[in-house]
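Architecture and fold: a report
Take a look at the letters that make up each chain.
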Amino acid sequence: MANKNKTLVLMKRHWQMYLLLLLPLLFIIIFHYYPMLGAQIAFKRFRSSLGIWGSPWIGFTNFVRFFQSYQFIRVVSNTALLSLYGLIAGMPFPIIFALLLNTVTQPKLKKTIQTVTYLPYFISTVVLVGMMFQILDPRIGIWGKFIFAVTGSRAPDLFGKANYFPHLFVWSGIWQNMGWNSIIYLAALSAVSPELHEAGKIDGMNRLMRIIYIDFPAILPTATILLIMNFGRIMTIGFEKAYLMANDLNRSASEVISTYVYRVGLVIGGGDFSYATAIGLFNSVINLILIITVNKVCSRLGGNSLW
């Protein structure tokens, strides 16, 4: 009761601050929580004439339909492969870059490197994919010109081969996001006391040893938290980039859950909203299970976790 009265006193005393919180709170409720009611159509045979509440219940029929679909294995495996590939290949680069950049002592050089590496993040996905198409064009692109100059024959069409799609998708993302993702690690490194490095120098530690034994442990908790959060999105591949890079030739590798939901929900057969919602809900449940599992494992192993 005492804590409750104390809270009420604080709310009356700082009511302006709580009033400022009202707008973002309403935004979250209206645009994030209220739309969750629409997820019920995953368990219904949705008819627009009947509406969400009036459509008949069909239980788990849409989920069973997805599990029995010939597309199930392909879209789930493609999504998991791209996510794991991107996580394993992409996570070390921001960490290594932040550790190396932290060793730069010249302020102007450090700011220049930061600016150059941050810029790709602000390139829109549409522009990025357009640049990839231009550069990797087998006839007029830099890739095509280079292969023709070296071999005298036409370069292979990388976007037309399914086995190249994961590499193009992941490494273009690493190039675009590496600099931006390193910001949080640089912030963690800024909290490292210079006295630790001075003590390390006195003990005879070289720069590499100080990075390993002083800087890296300082960013390890941050890296662990980001790893947990990334595992919570392991089954979520950005729709826009996958959709723009996909074509009929690489469809076997480029069809992921988000693009499949778009096709069955809005393109194929006039749109099957219930089926598309069931697939999206299944995806969200898998992400929830993964983030809870990884968080528990990290908590037991290292003590760092989201909760």
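Parameters and conventions
- Residues numbered from 1 in each chain as written.
- Predicted model: local features only at pLDDT ≥ 70, side-chain atom pairs only at ≥ 80, totals over all residues.
- Heavy atoms only, no water.
- Helix = DSSP H or I, 4+ residues; strand = E, 2+ residues; numbered from the N terminus.
- Rg over C-alpha atoms; globule rule 2.2 N^0.38 Å.
- Buried < 20%, exposed > 50% of the residue type's maximum accessible area, 1.4 Å probe, protein only.
- Contact = heavy atoms within 4.5 Å.
- Core = buried A, V, L, I, M, F, W, Y, C linked by side-chain atoms within 4.5 Å.
- Phe/Tyr/Trp six-rings, centres within 6.5 Å; stacked < 30°, edge-to-face > 60°.
- Lys NZ or Arg CZ within 6 Å of the ring centre and 35° of its normal.
- Salt bridge = Lys/Arg side-chain N within 4 Å of Asp/Glu carboxyl O.
- Patch = residues over 30% accessible without salt bridge, like charges linked within 9 Å, V, L, I, M, F, W, Y side chains within 5 Å.
- Areas by Shrake-Rupley, 256 points an atom, 1.4 Å probe, with all protein chains shown as cover.
- pLDDT = per-residue confidence, 0-100.
- Polar contact = N/O pair within 3.5 Å; in protein donor to acceptor, adjacent residues only side chain to side chain.

**Let's talk about the overall build of the protein**
Scanning the protein for helices and strands turns up 17 helices and 0 strands. The globule rule puts the C-alpha radius of gyration for 307 residues at 19 Å, and the 25 Å found for the protein is more than 25% above it. Here the C-alpha coordinates of the protein stretch approximately 85 × 75 × 40 Å along the principal axes. Within the protein, the fraction of its 307 residues that count as buried is 34%. Considering only contacts within the protein whose residues lie at least 6 apart along the sequence, 63% involve residues at least 24 apart.

**Let's talk about the nonpolar core**
Counting 31 residues, the largest nonpolar core has F66, V76, Y185, I219, Y260 and I279 as the members making the most contacts within it. Breaking this core down by element, the ones donating at least two residues are α4 (61-68), α5 (71-90), α6 (92-101), α11 (183-189), α13 (207-231), α16 (257-267) and α17 (273-301). Excluding residues that lie within four positions of it along the chain, I279 makes contacts with F66, I257, Y260, V261 and V264.

**What about the environment of P217?**
Tracing the chain through its elements places P217 in helix α13. Considering only alpha carbons, one finds P217 and I184, 33 residues apart in sequence, at a separation of 15 Å. In this view, P217 contacts I211 and I212; residues no more than four positions away in its chain are not counted.

**Comments concerning the packing of aromatic side chains**
For the coordinates displayed, the defined rule picks out 23 aromatic pairs. Judged by centre distance (5.5 Å) and plane angle (70 degrees), the rings of F67 and F282 are edge-to-face. One end of the pair, F67, is in helix α4; the other, F282, is in helix α17, with 215 residues separating them in the sequence. Lying across the ring of Y275, R65 places its NZ or CZ 3.9 Å from the centre. Sitting above the plane of the F169 ring, K241 keeps its charged end 4.8 Å from the centroid.

**Notes on the pattern of salt bridges**
According to the stated counting rule, one finds 4 salt bridges in the structure shown. A salt bridge links R65 to D272; its shortest N-O distance comes to 2.6 Å. Linking R65 in helix α4 with D272 in the loop between α16 and α17, this pair joins segments that are 207 residues apart in sequence. Judged by relative accessible area, R65 falls into the partly exposed class, the value being 41%. One salt bridge connects R207 with D215, and the closest N-O pair in it is separated by 3.4 Å. Residue classification places R207 among the partly exposed positions, given a relative accessible area of 27%. Exposure remark for D215: the relative accessible area of 0% places this residue in the buried category.

**Considering a nonpolar patch on the surface**
There is a patch of nonpolar side chains on the surface, built from W15, L19, L22, L25, L26, F27, I28, I29, I30, F31, Y33 and M36 and spanning about 1200 Å² of accessible area. Here L19 shows up in helix α2 (residues 15-33).

**Details of the confidence of the model for the protein**
Looking at the protein as a whole, the pLDDT averages 87, with 97% of positions reaching at least 70. Averaged over each element, pLDDT in the protein is lowest for helix α1 (residues 2-13) (75) and highest for helix α8 (residues 125-135) (93).

**Here we look at the side chain of N62**
Relative to the elements of secondary structure, N62 occurs in helix α4. Leave out the neighbours within four places in its chain, and N62 touches I41, A42, K44, S274, Y275 and A278.

**Notes on the environment of T79**
As for its position among the elements, T79 is in helix α5. We classify T79 as buried; its relative accessible area is 1%. C-alpha separation for the pair T79 and T236, spaced 157 residues apart in sequence, amounts to 7.2 Å. Among all residues touching T79, those that are not within four sequence positions of it are I234, M235, T236, I237, V256 and I257.

**What to know about the side chain of Q71**
Locating Q71 in the fold gives a position in helix α5. Residue Q71 is classed as buried on the basis of its relative accessible area of 5%. Within the structure, the side chain of Q71 is placed 3.4 Å from the side chain of Y70, a separation counted as a polar contact. Discounting residues that sit within four places of it in the chain, Q71 has contacts with Y260 and R263.

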